[in-house]
Amino acid sequence: MFKKFTVEDSVSSQSKIKSSAARAIRAAIVEQYPLIEDVIDDILPKKDSLMVAKCPNHVSLLVANDEAVFFQQRDGPWYPTLRLVHRRASCFADKIWRADSGAIRFVLSGANIMCPGFTNEEAAMDYDLAVDAPVVVAAHGKKHAMAVGQVKMGRDDVREINKGHCVENLHFLGDGLWQCPKLN
Amino acid sequence: LPQTPYARGQPCLPSARALDRLGATRAQLLAVSAAPSRAKSQPSKERGALAAAPLNAVLPRVGRGRGACTFSRARLSPREYSKRSHARSARDRWRLARRDSKRSLAHHSKKRNLRRRRRAESVGRSPLIAYHAPPRSTAKRCEPSNQYAAARREPDLVAMASYDDALAKMFEDRLTAFYKHYDEAKVASVPTLLAKYKGKEEQLLAAVVKKYGPEPEPDDDDDDDDGDEAATDEEAEAEARGVAPGKDAAPDGDEDLEGEPEAEPESDGEDKVPVYCALGLGLPPEYVEFDPDYDKCAEWIKKHCPHLLTDAGDDGDDDGDGKKKSRKRGGGVVKKKVLAEDKQKVIISKEVRNKKKAVTTVEGLETFGVKLKDAAKVFGKKFAASSSVKGKDTGGEEIVIQGDVIWDLPALLEKEYKIPKAKIWEKEKGGKLTKVR
């Protein structure tokens, strides 16, 4: 989704959101990622108002302290940016699916992940996530996550069918959004 | 104040509230009120007038008519007071008094009085006691010598010279309690800290709370322990999940070396700022092999944080090729193809279509890695002209701009695409190439 993303070209507008809307967003995020509850006030401070940056294809970025922290497509779920995932790994611990190391180079060039990537010996799918839910894709043998995606096939389906795309790659290490940490 | 003269022998003093509003001290009025008791022999009217006279010297006069009334509802600032004492005539005085009475009805003075009342209450003093100085300037407020104040004061509160002192003491207490709870060694440094952050104590407290944790309740100290346990549990979970050993080796140590862009030094177990390679795409060192600029990144990492490089020991020859392959694939960003430096050249030429219409051509921009379509767009916008990418007869592409923009192009090329003027050539008639000035 952020393959060709630059702050100058892709961000069409940035606007502050009302505190009521901000509260709604905060509630939605806490609902999706229950482990984030304790630190949500550090990530999305209550005092400064949050900003939403609009990007092509109906994508909006949630910006706090001049950093993009979450993104959303249309009115779907809020996905965390990889920089946030690296810093607060424990908050997203219940959404990690680990792929094998052979898949890394494909993921890092923006490809969606196929089932065999997760049914490998090295791979692990510890949590059963619902379809269209956010998932953090990590790699075997690496400490940091490498991508954030959307589940296309549930865990059992992946194991049974073992063919086709199972996770859509929305945001990966080194893409346009990764390369612009500061949004003014 | 009653307008009637004093009852025989009975001094009638203004109430405490009136005193407060009038800004006079009890002492002054006591002295003044002593006067009429001596003049008992005089007829009542004169006595009243006499009593009024010294009072008038002290209190501001308000009044309709002869200005005998000595009661003013509005408090006077020193400036106002002097204005009033210099008022030429009764009429002036009357005018000022009228303005005052109107003003005192205004909203803001009510708010001011409310505020004053609240402030006084918060420090534990009754607002109805006369002060030596007008309450507006808190810095000058001195301890009330009044017996009432002494009675109403709370027994344990040490006599505060001013409101500021009370605040300062509160912060000091809070900070000492805080440090006693978290870090005994720093209790001694509390006074220096307060002196340093004078005026910004709230911010200091907020920062300290952020660093250590919530302020300790004076009753129970259990909260802190629970908080710590929760944090460590989550950390343990995250670590246990398939993390290769040896990767956790002190990223904190390296943060000092690098001077991370993120200036968040506190790692309370939740917020771990990772180390990223400063070159290339800024990937974490373990992923740097997939960076298109792998060579430069590897060098940088060897210099700064060598222990974070993945061990290539296990991988055999396949992976040597695999790495090369992955390097070619890159990290999703297509690297700009920049030709060798000597081959880079941009040629600008102008052709005349009609007698007055010309067309400017730019070719060779792709040698600098510039995308032609985007460049054409930029030119079109800049010159307000139609610009497009056309194929050359010889193969390859060139940008065609309607109109004669030859003069402005080099400057634009230099500014936008950083193409040095030395590499821009102008094609004159007859095919000669000259350097652009």
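Up top is the structure these notes are about.
Quick look at the structure, then.

What to know about the overall build of chain B
Move 1: Helices and strands together make up the secondary structure of chain B, namely 16 helices and 6 strands.
Move 2: Within chain B, the fraction of its 437 residues that count as buried is 34%.
Move 3: At a minimum sequence separation of 6, the contacts of chain B that also span at least 24 residues come to 48%.
Move 4: For chain B, the accessible surface area stands at approximately 28,000 Å², while carbon and sulfur atoms represent 52% of it.

Points about the overall build of chain A
Move 1: Helix and strand counts for chain A stand at 8 helices and 11 strands.
Move 2: Residues classed as buried in chain A amount to 54% of the 184 residues present.
Move 3: For chain A, long-range pairs separated by at least 24 residues make up 63% of all intrachain contacts whose partners lie at least 6 apart in sequence.
Move 4: Carbon together with sulfur atoms contributes 48% to the accessible area of chain A, which is approximately 8,100 Å² in total.

What about a negative patch on the surface?
All names here are of chain A.
Move 1: A cluster of acidic side chains, namely D128, D156, D157 and E160, defines a negative patch on the protein surface.
Move 2: Within the element layout of this structure, D128 appears in the loop between β8 (124-125) and β9 (134-139).
Move 3: For D128, a relative accessible area of 48% gives the class partly exposed.

Considerations on the sheet that holds β9 of chain A
All names here are of chain A.
Move 1: The 6 strands lie next to each other as β7-β11-β10-β9-β6-β8, forming an open sheet whose pairing is mixed. Each edge of the sheet is formed by a strand with only one pairing partner; in this case those strands are β7 (113-114) and β8.
Move 2: Sheet topology note: the β7/strand β11 (residues 165-172) ladder contains 2 bridges and is antiparallel. The residue bridging I113 from the neighbouring strand is V167, located in β11.

So, the nonpolar core
Move 1: Ranked by size, the top nonpolar core spans 72 residues in total, and within it I29, I36, L61, L62, F70, F118 and M146 of chain A carry the most contacts.
Move 2: Residues V370, A376, I399 and I406 of chain B belong to the second largest nonpolar core, which totals 21 residues.

Brief notes about the environment of M146 of chain A
Move 1: Note that M146 of chain A resides in strand β10 (residues 145-151).
Move 2: On the accessibility criterion, M146 of chain A (0% relative accessible area) is buried.
Move 3: Other than its neighbours up to four places away in sequence, M146 of chain A contacts L82, A99, I104, V107, L108, V137, A138, A139, H171, F172 and L173 of chain A together with Y287 of chain B.

Notes on the pairing of strand β1 (residues 346-352) of chain B
Move 1: Judged from the 4 bridges that link them, β1 of chain B and strand β5 (residues 424-427) of chain B form a sheet pairing that is parallel. Within β5 of chain B, the residue paired with I348 of chain B across the bridge is E426 of chain B.

Quick word on the environment of A64 of chain A
Residues and elements named next belong to chain A.
Move 1: Position of A64 among the secondary structure elements: in strand β3 (residues 59-64).
Move 2: The exposure class of A64 is buried, given its relative accessible area of 5%.
Move 3: Along the backbone, A64 and D42 are 22 residues apart, and their C-alpha atoms lie at a distance of 10.0 Å.
Move 4: Apart from the residues lying within four places of it in its own chain, the contact partners of A64 are I43, L44, P45, L50 and V69.

Focus on helix α2 (residues 19-32) of chain A
Move 1: Between the first and last C-alpha of α2 of chain A there are 20 Å, a value that for 14 residues agrees with the 20 Å anticipated at 1.5 Å per step.
Move 2: Where α2 of chain A is buried, its residues meet α3 (40-43), β3, β4 (67-73) and β5 (78-80) of chain A.

Comments concerning the pattern of salt bridges
If the charged atoms of two oppositely charged side chains come close together, the side chains can form a pair.
Residue and element names in this part refer to chain A.
Move 1: Applying the stated criterion across every chain, the model contains 9 salt bridges over all chains.
Move 2: Here R87 ties to E67 by a salt bridge, and the two come within 3.7 Å at their closest N and O atoms. Taken together, the positions of R87 in helix α4 (residues 82-87) and E67 in strand β4 put the pair 20 residues apart, joining distant regions of the chain.
Move 3: Here K152 ties to E168 by a salt bridge, and the two come within 3.3 Å at their closest N and O atoms. One end of the pair, K152, is in the loop between β10 and α7 (155-161); the other, E168, is in strand β11, and 16 residues separate them in sequence.

Side note on the pairing of β11 of chain A
Each regular strand shows side chains that alternate between the opposite faces of the sheet.
Residues and elements named next belong to chain A.
Move 1: The buried count for β11 comes to 6 of 8 residues, which makes it a mostly enclosed element.
Move 2: Bridge count for β10 against β11 is 5 bridges, and the pairing is antiparallel. Looking at the pairing, G149 lines up with N169 of β11.

Focus on the environment of Q179 of chain A
Residues and elements named next belong to chain A.
Move 1: Along the polypeptide, Q179 turns up in helix α8 (residues 176-179).
Move 2: Accessibility expressed as a relative area gives 37% for Q179, which makes it partly exposed.
Move 3: C-alpha separation for the pair Q179 and T6, spaced 173 residues apart in sequence, amounts to 8.2 Å.
Move 4: At a separation of 3.0 Å, a polar atom in the side chain of Q179 contacts the main-chain carbonyl oxygen of G174.

What about the sheet that holds β3 of chain A?
Residue and element names in this part refer to chain A.
Move 1: Taken in spatial order, the 5 strands of this open sheet run β1-β2-β3-β4-β5, and their pairing is antiparallel. Every other strand in the sheet has two partners, leaving β1 (13-16) and β5 as the edge strands with one partner each. Between one strand and the next, the sheet's axes are offset by a mean angle of 30°, whatever the strand orientation.
Move 2: Sheet topology note: the β4/β5 ladder contains 3 bridges and is antiparallel. In the strand pairing of β5, F71 is matched with Y79.
Move 3: Sitting on the sheet, α2 is in contact with β3, β4 and β5, with an inclination near 70° to β5.

Overview of the packing of aromatic side chains
Residue and element names in this part refer to chain B.
Move 1: Applying the stated rule across the entire model yields 13 aromatic pairs over all chains.
Move 2: Where F178 meets Y182, the ring centres are 4.9 Å apart and the plane angle is 45°; that geometry is what we call tilted. With a gap of 4 residues between them, F178 and Y182 both fall in helix α8 (residues 163-182), about one helical turn apart.
Move 3: Residue classification places Y182 among the buried residues on the basis of a relative accessible area of 19%.

Let's talk about the side chain of T367 of chain B
Move 1: In this structure, T367 of chain B sits in the loop between β2 (358-363) and α15 (372-383).
Move 2: A polar contact is formed between the side chain of T367 of chain B and the backbone nitrogen of K345 of chain B, at a distance of 3.5 Å.

Overview of unusual backbone geometry
Move 1: The phi dihedral of R74 of chain A falls on the positive side, at around 50°, and the residue is not glycine.
Move 2: Given the relative accessible area of 54%, R74 of chain A is considered exposed.
Move 3: In the Ramachandran plot, K418 of chain B falls in the positive-phi region, its phi being about 55° despite a non-glycine side chain.
Move 4: Tracing the backbone shows K418 of chain B in the loop between α16 (409-417) and β5.
Move 5: Of the residues examined, K418 of chain B reaches a relative accessible area of 65% and is grouped as exposed.

What about α16 of chain B?
Residues and elements named next belong to chain B.
Move 1: Here α16 has its buried residues at L409, P410, L412 and L413. Buried positions in α16, seen along its axis, are confined to an arc of 160° and lie on one side of it.
Move 2: Elements that come into contact with the buried residues of α16 comprise β1, β2, α15, β4 (397-402) and β5.
Move 3: One or two residues past the end of α16 sits K418, with phi positive at roughly 55°.

Cut-offs applied
- Residues numbered from 1 in each chain as written.
- Chains lettered and ligands numbered in written order.
- Predicted model: local features only at pLDDT ≥ 70, side-chain atom pairs only at ≥ 80, totals over all residues.
- Heavy atoms only, no water.
- Helix = DSSP H or I, 4+ residues; strand = E, 2+ residues; numbered from the N terminus.
- Buried < 20%, exposed > 50% of the residue type's maximum accessible area, 1.4 Å probe, protein only.
- Contact = heavy atoms within 4.5 Å.
- Areas by Shrake-Rupley, 256 points an atom, 1.4 Å probe, with all protein chains shown as cover.
- Patch = residues over 30% accessible without salt bridge, like charges linked within 9 Å, V, L, I, M, F, W, Y side chains within 5 Å.
- Salt bridge = Lys/Arg side-chain N within 4 Å of Asp/Glu carboxyl O.
- Lys, Arg positive; Asp, Glu negative; His and termini not counted.
- Charge placed at Lys NZ, Arg CZ, Asp CG, Glu CD.
- Pairing = 2+ DSSP bridges.
- Core = buried A, V, L, I, M, F, W, Y, C linked by side-chain atoms within 4.5 Å.
- Expected span 1.5 Å × (residues − 1).
- Polar contact = N/O pair within 3.5 Å; in protein donor to acceptor, adjacent residues only side chain to side chain.
- Axes fitted to C-alpha atoms, helices over the stretch in contact; angles between N-to-C directions.
- Phe/Tyr/Trp six-rings, centres within 6.5 Å; stacked < 30°, edge-to-face > 60°.
- Arc of directions from axis to C-beta.

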